[in-house]
Amino acid sequence: QEAHAAELERTFIAIKPDGVQRGLIAEVISRFERKGFKLVAIKIVVPSKDFAQKHYHDLKERPFFNGLCDFLSSGPVVAMVWEGEGVIRYGRKLIGATDPQKSEPGTIRGDLAVIVGRNIIHGSDGPETAKDEIALWFKPEELVKYTSNAEKWIY
Ligand code: RTP
(Lines give C-alpha, C1' and ligand atoms only; values in the text may rest on other atoms or scores of the structure.)
Protein backbone atom coordinates (compact mmCIF):
# COMPACT_ATOMS: atom_id res chain seq x y z
CA GLN A 1 0.00 0.00 0.00
CA GLU A 2 1.23 3.47 -0.88
CA ALA A 3 1.94 5.59 2.17
CA HIS A 4 2.00 9.04 0.70
CA ALA A 5 -1.30 9.60 -1.05
CA ALA A 6 -2.83 12.22 1.27
CA GLU A 7 -1.12 15.14 3.00
CA LEU A 8 0.54 13.77 6.07
CA GLU A 9 0.17 15.33 9.48
CA ARG A 10 2.76 17.92 10.52
CA THR A 11 3.93 19.32 13.81
CA PHE A 12 6.20 22.13 14.94
CA ILE A 13 9.13 21.08 17.13
CA ALA A 14 11.70 23.46 18.61
CA ILE A 15 14.89 22.68 20.47
CA LYS A 16 15.02 25.49 23.01
CA PRO A 17 18.21 27.39 23.93
CA ASP A 18 19.10 24.94 26.74
CA GLY A 19 18.96 21.97 24.36
CA VAL A 20 21.11 23.78 21.79
CA GLN A 21 23.67 24.95 24.38
CA ARG A 22 23.90 21.47 25.86
CA GLY A 23 24.70 19.92 22.49
CA LEU A 24 21.47 17.93 22.24
CA ILE A 25 20.44 18.90 18.69
CA ALA A 26 21.49 15.61 17.13
CA GLU A 27 20.07 13.60 20.03
CA VAL A 28 16.64 15.16 19.62
CA ILE A 29 16.61 14.92 15.84
CA SER A 30 17.77 11.34 16.04
CA ARG A 31 14.82 10.29 18.20
CA PHE A 32 12.28 11.70 15.74
CA GLU A 33 14.20 10.36 12.77
CA ARG A 34 14.60 6.83 14.12
CA LYS A 35 10.90 6.67 14.96
CA GLY A 36 10.21 7.11 11.26
CA PHE A 37 9.02 10.71 11.10
CA LYS A 38 10.22 12.92 8.28
CA LEU A 39 12.00 16.25 8.69
CA VAL A 40 10.49 18.73 6.22
CA ALA A 41 11.85 22.05 7.55
CA ILE A 42 14.70 23.11 9.82
CA LYS A 43 16.55 26.29 10.75
CA ILE A 44 18.51 27.77 13.61
CA VAL A 45 17.39 31.21 14.80
CA VAL A 46 17.58 33.53 17.80
CA PRO A 47 13.97 34.62 18.25
CA SER A 48 13.29 38.17 19.41
CA LYS A 49 11.41 38.61 22.68
CA ASP A 50 8.45 39.87 20.69
CA PHE A 51 8.51 36.70 18.59
CA ALA A 52 8.75 34.53 21.72
CA GLN A 53 5.68 36.31 23.11
CA LYS A 54 3.82 35.52 19.89
CA HIS A 55 4.84 31.88 20.09
CA TYR A 56 3.69 31.58 23.71
CA HIS A 57 0.65 33.92 23.43
CA ASP A 58 -1.61 31.27 24.98
CA LEU A 59 0.39 31.49 28.21
CA LYS A 60 0.42 35.28 28.59
CA GLU A 61 -1.61 35.21 31.82
CA ARG A 62 0.74 32.73 33.49
CA PRO A 63 3.20 33.96 36.12
CA PHE A 64 6.15 32.39 34.29
CA PHE A 65 5.27 33.98 30.89
CA ASN A 66 7.86 36.77 31.01
CA GLY A 67 10.71 34.52 32.17
CA LEU A 68 9.74 31.92 29.61
CA CYS A 69 9.85 34.46 26.76
CA ASP A 70 13.17 35.86 28.02
CA PHE A 71 14.53 32.34 28.02
CA LEU A 72 13.28 31.40 24.53
CA SER A 73 14.83 34.55 23.10
CA SER A 74 18.11 34.16 25.04
CA GLY A 75 19.93 32.17 22.35
CA PRO A 76 19.69 29.94 19.32
CA VAL A 77 16.62 27.77 18.86
CA VAL A 78 16.40 24.94 16.32
CA ALA A 79 12.98 25.21 14.69
CA MET A 80 11.67 22.22 12.79
CA VAL A 81 8.65 20.79 11.07
CA TRP A 82 8.23 17.02 11.30
CA GLU A 83 5.77 15.05 9.22
CA GLY A 84 4.18 11.64 9.62
CA GLU A 85 1.13 9.75 10.69
CA GLY A 86 0.18 10.74 14.22
CA VAL A 87 3.26 12.99 14.55
CA ILE A 88 1.52 15.64 16.68
CA ARG A 89 0.41 13.29 19.43
CA TYR A 90 3.30 10.85 19.19
CA GLY A 91 5.80 13.71 19.05
CA ARG A 92 4.45 14.79 22.47
CA LYS A 93 5.02 11.22 23.66
CA LEU A 94 8.62 11.26 22.49
CA ILE A 95 9.06 14.58 24.29
CA GLY A 96 7.48 13.51 27.60
CA ALA A 97 5.54 15.41 30.26
CA THR A 98 6.12 19.17 30.59
CA ASP A 99 7.77 18.80 34.00
CA PRO A 100 10.87 16.60 33.58
CA GLN A 101 10.36 15.33 37.15
CA LYS A 102 7.19 13.69 35.83
CA SER A 103 8.40 12.66 32.37
CA GLU A 104 8.90 8.93 31.93
CA PRO A 105 12.39 7.57 31.37
CA GLY A 106 12.78 6.91 27.66
CA THR A 107 11.32 10.29 26.77
CA ILE A 108 13.47 13.25 25.75
CA ARG A 109 12.67 15.26 28.88
CA GLY A 110 12.69 12.16 31.10
CA ASP A 111 16.15 11.17 29.94
CA LEU A 112 17.75 14.57 29.48
CA ALA A 113 16.15 17.29 31.62
CA VAL A 114 15.57 18.09 35.28
CA ILE A 115 13.48 21.26 35.68
CA VAL A 116 10.36 22.57 33.96
CA GLY A 117 11.88 25.91 32.98
CA ARG A 118 14.72 24.13 31.14
CA ASN A 119 12.96 21.23 29.48
CA ILE A 120 14.90 21.28 26.17
CA ILE A 121 12.14 21.05 23.65
CA HIS A 122 8.77 22.33 22.52
CA GLY A 123 6.17 20.45 20.52
CA SER A 124 2.76 21.58 19.24
CA ASP A 125 -0.05 20.28 21.42
CA GLY A 126 -2.75 19.81 18.75
CA PRO A 127 -3.63 20.24 15.07
CA GLU A 128 -4.64 23.91 15.40
CA THR A 129 -1.51 24.95 17.33
CA ALA A 130 0.62 22.92 14.92
CA LYS A 131 -0.81 24.84 11.98
CA ASP A 132 -0.41 28.21 13.73
CA GLU A 133 3.12 27.52 14.97
CA ILE A 134 4.34 26.24 11.58
CA ALA A 135 2.92 29.41 9.98
CA LEU A 136 4.57 31.61 12.64
CA TRP A 137 8.04 30.07 12.33
CA PHE A 138 8.22 29.16 8.63
CA LYS A 139 7.36 30.53 5.22
CA PRO A 140 5.50 27.99 3.08
CA GLU A 141 8.47 27.70 0.70
CA GLU A 142 10.74 26.65 3.58
CA LEU A 143 8.85 23.36 3.83
CA VAL A 144 10.42 20.77 1.60
CA LYS A 145 8.50 18.11 -0.27
CA TYR A 146 10.44 14.94 -0.95
CA THR A 147 9.87 11.25 -1.19
CA SER A 148 11.78 9.04 1.12
CA ASN A 149 12.28 5.43 0.17
CA ALA A 150 11.80 4.38 3.77
CA GLU A 151 8.15 5.28 3.51
CA LYS A 152 7.62 1.98 1.76
CA TRP A 153 8.26 0.33 5.12
CA ILE A 154 7.50 2.95 7.76
CA TYR A 155 4.66 5.44 7.69
P1 RTP B 1 5.85 23.23 25.28
O2 RTP B 1 4.70 24.12 24.86
O3 RTP B 1 7.15 23.96 25.46
O4 RTP B 1 5.97 21.97 24.49
O5 RTP B 1 5.50 22.74 26.72
P6 RTP B 1 4.17 22.13 27.20
O7 RTP B 1 3.08 22.26 26.20
O8 RTP B 1 4.56 20.77 27.67
O9 RTP B 1 3.86 23.05 28.44
P10 RTP B 1 3.07 24.46 28.53
O11 RTP B 1 2.15 24.34 29.66
O12 RTP B 1 2.54 24.90 27.20
O13 RTP B 1 4.24 25.41 28.97
C14 RTP B 1 5.14 25.90 28.04
C15 RTP B 1 6.51 25.94 28.63
O16 RTP B 1 6.52 26.84 29.72
C17 RTP B 1 7.47 26.41 30.67
N18 RTP B 1 6.85 26.31 31.97
N19 RTP B 1 7.38 26.82 33.04
N20 RTP B 1 5.94 26.52 36.32
C21 RTP B 1 6.80 26.92 35.41
O22 RTP B 1 7.78 27.56 35.69
C23 RTP B 1 6.57 26.52 34.04
N24 RTP B 1 5.53 25.84 33.60
C25 RTP B 1 5.72 25.70 32.25
C26 RTP B 1 8.00 25.08 30.23
O27 RTP B 1 9.28 25.27 29.63
C28 RTP B 1 7.00 24.62 29.20
O29 RTP B 1 7.60 23.78 28.25
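Residues numbered from 1 in each chain as written. Predicted model: local features only at pLDDT ≥ 70, side-chain atom pairs only at ≥ 80, totals over all residues. Heavy atoms only, no water.

Across its full length, the protein chain holds seven helices and four strands. Counting only C-alpha atoms and orienting by the principal axes, one finds that the protein chain spans roughly 50 × 35 × 25 Å. Counting the 155 residues in the protein chain, one finds 45% classified as buried. When the accessible area of the protein chain is evaluated, it comes to approximately 8800 Å², of which 54% is carbon and sulfur surface. The positive charge centre, built from 22 side chains, and the negative charge centre, built from 22, are 2 Å apart in the protein chain. (Helix = DSSP H or I, 4+ residues; strand = E, 2+ residues; numbered from the N terminus. Buried < 20%, exposed > 50% of the residue type's maximum accessible area, 1.4 Å probe, protein only. Areas by Shrake-Rupley, 256 points an atom, 1.4 Å probe, with all protein chains shown as cover. Lys, Arg positive; Asp, Glu negative; His and termini not counted. Charge placed at Lys NZ, Arg CZ, Asp CG, Glu CD.)

All right, on to the UniProt feature "binding site: ATP" (unreviewed entry) in the protein chain then. In this numbering, the UniProt entry assigns the feature "binding site: ATP" (unreviewed entry) to K16, F64, R92, T98, R109 and N119. Taken from the residues named earlier, the lining of the largest pocket is made up of K16, F64, R92, T98, R109 and N119. Along the chain, F64 turns up in the loop between α3 (49-55) and α4 (65-72). Secondary-structure assignment places N119 in the loop between α6 (108-112) and β4 (121-123). (UniProt positions renumbered as here; feature names shortened; annotations may be inferred. 1 Å grid on protein atoms, 1.4 Å probe; cavity = no way out; pocket = protein on both sides within 12 Å on 5 of 7 lines; lining within 4 Å.)

Before going further, it helps to examine the sheet that holds strand β1 (residues 10-15). Within a sheet, each strand pairs with its neighbour through backbone hydrogen bonds, oriented either parallel or antiparallel. Judged by pairing direction, the sheet is antiparallel, and its four strands sit side by side in the order β2-β3-β1-β4 without closing on themselves. With partners counted over all chains shown, the strands left at the sheet margins are β2 (38-45) and β4, one partner each. Within the sheet, the average angular offset between the axes of one strand and its neighbour, ignoring direction, is 15°. Pairing analysis gives six bridges linking β1 to strand β3 (residues 77-83), with the strands arranged antiparallel. Paired with I13 across the strands is M80, a residue of β3. Set on the sheet, helix α2 (residues 25-35) makes contact with β1, β2, β3 and β4; between it and β3 the angle comes to about 5°. (Pairing = 2+ DSSP bridges. Axes fitted to C-alpha atoms, helices over the stretch in contact; angles between N-to-C directions. Contact = heavy atoms within 4.5 Å.)

So, on to a negative patch on the surface. Together, D58, D125, E128 and D132 make up a region of like negative charge exposed at the surface. Looking at the element boundaries, D125 is found in the loop between β4 and α7 (127-137). Its relative accessible area of 55% is what places D125 among the exposed residues. (Patch = residues over 30% accessible without salt bridge, like charges linked within 9 Å, V, L, I, M, F, W, Y side chains within 5 Å. Salt bridge = Lys/Arg side-chain N within 4 Å of Asp/Glu carboxyl O.)

Turning our eyes to something else, we now look at helix α5 (residues 87-95). Inspection of α5 places V87, I88, G91, L94 and I95 among the buried residues, and these make up the whole buried set. What you see down the axis of α5 is that its buried residues fit within an arc of 120°, all on one side. Opposite the buried face of α5, by more than 90 degrees, sit the exposed residues R89 and K93. Looking at the buried positions of α5, the neighbouring elements they touch are β1, α2, β3, α6, β4 and α7. Note on α5: the residue one or two positions beyond its end, G96, has a positive phi of about 95°. (Arc of directions from axis to C-beta.)

Sheet faces and side chains relate simply in a regular strand, where the side chains alternate between the two faces. In terms of residue burial, β1 counts as a mostly covered element, since six of its six residues are buried. Burial of β1 is two-sided: the residues R10, F12 and A14 facing one way and the residues T11, I13 and I15 facing the other way are all buried. The pairing of β1 with β4 spans three bridges and is antiparallel. Opposite I15, over in β4, you have I121 as the bridge partner.

This part takes up the layout of surface pockets. Of the pockets and cavities examined, the largest pocket occupies roughly 660 Å³. As for the largest pocket, its lining consists of 28 residues, of which K16, Y56, L59, L68 and H122 are closest to the centre. Looking at the lining of the largest pocket, the element that brings in the most residues is α7, giving four residues. Taken together, the residues that form the lining of the largest pocket break down as eight nonpolar, 10 polar and 10 charged. (Points joined across faces, edges and corners; volume = space filled by probe spheres on them. Nonpolar A, V, L, I, M, F, W, Y, C, P; charged D, E, K, R; others polar.)

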